[in-house]
Amino acid sequence: MICGNKQDIEKILPYVSEGLQKALQYIKETNFAEVKNGEYEIDGRDVFVRINTYATEDKINKKPEAHNQYIDVQYLGAGEEIIYFTPRRAEHIVVEDHADESDLLFYEEIEEKNHVVLQTGDFAVFFPWELHRPGCSTKNGRQEVQKIVVKIKHKNQ
C-alpha cells in the first residue's frame, strides 16, 4: 500500500510504473467537483476510473475485498473514511466471487492489522496481494464522501 496527498503527486511520479503515473496524473489534473458519478476510460481498459458518492458505514457492515487483475488507486474527492488493509493470504476465504465479471472478490470477516484514514485530497494505492476494506466510517461517524477509484491493469495479466 502506498498513500499520499494530491499535492505531493508530482514528487511520486518518477518512482512509479507507467500505469500508476497515468492514474496519479489524472488525479492531479482533475477537478472532481466538476465530474459526474460514473465510469470513464483514461487509457482504454488498462487505466479507467469510477467516481461515486456514498455514505460511509461501520466496519462490520463492509466486507474485505481484493482484485486479481487491477491495482486500485482510491482517492477521496470529499469527506473522510477509513480503509482497513492486510496482506492477502491463502488462508483467507472468499465468500463472494465476482472475479470473472468485475474483478472483485469479497472475503470472510478478518482482523486487519493496518488502516489508513483518507481525508479530502488523500489517496491510497492497493495491489492485488492486499485485502482492503474501503468505505468505513471514522470516529466522526457516517458521512458522505466522493470516492474516485482509478483501476490500473497490472502487467502480469
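Just so it is clear, the structure is predicted and the values come from calculations on it, not from any experiment.

Colleague: Lay out the overall build of the chain with the relevant residues and their values.
Modeller: When you go through the chain residue by residue, the secondary structure sums to three helices and twelve strands. Rg of the C-alpha trace for the chain: 15 Å, near the compact-globule value of 15 Å for 157 residues, within the 12% margin. Taking the principal axes of its C-alpha atoms as reference, the chain extends roughly 40 × 40 × 25 Å. Out of the 157 residues in the chain, the part that is buried amounts to 48%. Of the roughly 8,400 Å² of accessible surface on the chain, 47% is carried by carbon and sulfur atoms. A gap of 2 Å separates the mean positions of the 20 positive and 28 negative side-chain charges of the chain.

Colleague: How would you summarise the packing of aromatic side chains if you had to cite specific residues and measurements?
Modeller: Within this structure, the stated rule accounts for five aromatic pairs. Between Tyr26 and Phe32, the ring centres sit 5.7 Å apart and the planes meet at 70°, which makes this aromatic pair edge-to-face. With a relative accessible area of 18%, Tyr26 lands in the buried category. Taking the centre distance of 4.7 Å and the plane angle of 5° together, the rings of Phe127 and Trp129 count as stacked. Owing to a relative accessible area of 54%, Trp129 belongs among the exposed residues under this scheme.

Colleague: Explain the layout of surface pockets residue by residue, including any values.
Modeller: In this model, the largest pocket occupies a volume close to 490 Å³. Lining the largest pocket are 19 residues, with Asn52, Tyr54, Glu65, Pro134 and Val149 sitting closest to its centre. Take the lining of the largest pocket: its biggest share by element is four residues, from strand β3 (residues 47-55). Residues of the lining of the largest pocket, tallied by class, amount to six nonpolar, five polar and eight charged.

Colleague: Which residues make up the nonpolar core, and what are the values?
Modeller: In terms of nonpolar packing, the biggest core is built from 22 residues, with Leu24, Val73, Phe123 and Val150 touching the most fellow members. Elements supplying a minimum of two residues to this core: α1 (9-12), α2 (18-29), β3, β5 (70-78), β10 (122-126) and β12 (144-153). Ranked by residue count, the leading element in this core is α2, at five residues. Those residues in contact with Phe123 that lie beyond four places of it in its chain are Ile2, Cys3, Gly4, Asn5, Lys6, Ile9, Ile12, Leu24, Val73, Gln74, Tyr75 and Leu118. Of all hydrophobic cores here, the second largest spans eight residues; its members include Val116, Leu118, Ala124 and Phe126.

Cut-offs used in this document
- Residues numbered from 1 in each chain as written.
- Predicted model: local features only at pLDDT ≥ 70, side-chain atom pairs only at ≥ 80, totals over all residues.
- Heavy atoms only, no water.
- Helix = DSSP H or I, 4+ residues; strand = E, 2+ residues; numbered from the N terminus.
- Rg over C-alpha atoms; globule rule 2.2 N^0.38 Å.
- Buried < 20%, exposed > 50% of the residue type's maximum accessible area, 1.4 Å probe, protein only.
- Areas by Shrake-Rupley, 256 points an atom, 1.4 Å probe, with all protein chains shown as cover.
- Lys, Arg positive; Asp, Glu negative; His and termini not counted.
- Charge placed at Lys NZ, Arg CZ, Asp CG, Glu CD.
- Phe/Tyr/Trp six-rings, centres within 6.5 Å; stacked < 30°, edge-to-face > 60°.
- 1 Å grid on protein atoms, 1.4 Å probe; cavity = no way out; pocket = protein on both sides within 12 Å on 5 of 7 lines; lining within 4 Å.
- Points joined across faces, edges and corners; volume = space filled by probe spheres on them.
- Nonpolar A, V, L, I, M, F, W, Y, C, P; charged D, E, K, R; others polar.
- Core = buried A, V, L, I, M, F, W, Y, C linked by side-chain atoms within 4.5 Å.
- Contact = heavy atoms within 4.5 Å.

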